[in-house]
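Chain by chain, the residues:
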Amino acid sequence: MRHILEPALHELSQTVLAPGARTHVRERLGRLIGGDATPDSILALDVGCGYFSPLAAFGCEVTGLDIDAGRIRHFGPRGIVGSATSLSFADGHFDIVLSIGLLHHLDDADARRAIGEMRRVARLGGQIVIFDAVLPETAWRRPLAAAIRTLDFGAHMRGQAALRMLFDASDWRCERVTYAATGLEGVWFLSRGGEE
């Protein structure tokens, strides 16, 4: 029974704690994908996909990877149980590699390995899109966001500077955003495959 309720409870918690987040992610991804090939020709990988991938809304052929077999069971037939630190795909296999909200669940060494693996499996010129939550710069200005962050299951919640340090290459563009009505903030990291 628990495995049936988990996706609904996850959706409820996202709706209550991060209202507007899904819309933010969908709009950002729409802008990123809009200029590329027709969606059905885009091979995409969602690393740490959870129960579903937002890329599915754009008609991409999405492979989801998550360490949790229960989440992959809900994800569907293109879901794979596996670790972000050791992706079982050939170099340059995907047009888009996406990860949302994964890095704050990984220590620094594993987060760097995961970022390296995402870069490795992206095709030359393909898009690598990583989004992760960050701590508010001043908790007193965003008390609700600060409280939500202290309750987060991720054991490695970072500030923006610490998160940025995980990305060794200088070719990553980053943008800090407020993505939910509760004041939650995150950083988008964007790069192209094959760039070092």
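See above for the structure.
Residues numbered from 1 in each chain as written. Predicted model: local features only at pLDDT ≥ 70, side-chain atom pairs only at ≥ 80, totals over all residues. Heavy atoms only, no water.

Let's talk about the nonpolar core
Here comes step 1: If you look at the biggest cluster of nonpolar residues, it comprises 28 residues, and the most contacted ones within it are L29, I33, L55, V129, Y179, L184 and W188.
Here comes step 2: At the level of elements, α2 (21–34), α3 (69–75), β4 (94–100), β5 (122–134), α5 (143–151) and β7 (185–192) are the ones that each hand at least two residues to this core.
Here comes step 3: Here this core gets five residues from one element, more than from any other, and that element is α2.
Here comes step 4: Listed in part, the 27 residues of the second largest apolar core include L65, L103, V121 and L166. (Core = buried A, V, L, I, M, F, W, Y, C linked by side-chain atoms within 4.5 Å. Buried < 20%, exposed > 50% of the residue type's maximum accessible area, 1.4 Å probe, protein only. Helix = DSSP H or I, 4+ residues; strand = E, 2+ residues; numbered from the N terminus.)

Describing the side chain of D95
Here comes step 1: Inspection of the secondary structure puts D95 in strand β4.
Here comes step 2: For D95, the side chain forms a polar contact with the main-chain nitrogen of L43, separated by 2.7 Å.
Here comes step 3: Those residues within four positions of D95 in sequence are excluded, and the remaining contacts are S41, I42, L43, R123, G126 and Q127. (Polar contact = N/O pair within 3.5 Å; in protein donor to acceptor, adjacent residues only side chain to side chain. Contact = heavy atoms within 4.5 Å.)

Examining the side chain of S191
Here comes step 1: By the element assignment, S191 lies in strand β7.
Here comes step 2: At 2.7 Å, the side chain of S191 forms a polar contact with the side chain of D171.
Here comes step 3: When sequence neighbours within four positions are dropped, the list of residues in contact with S191 reads R119, G126, Q127, I128, D171 and W172.

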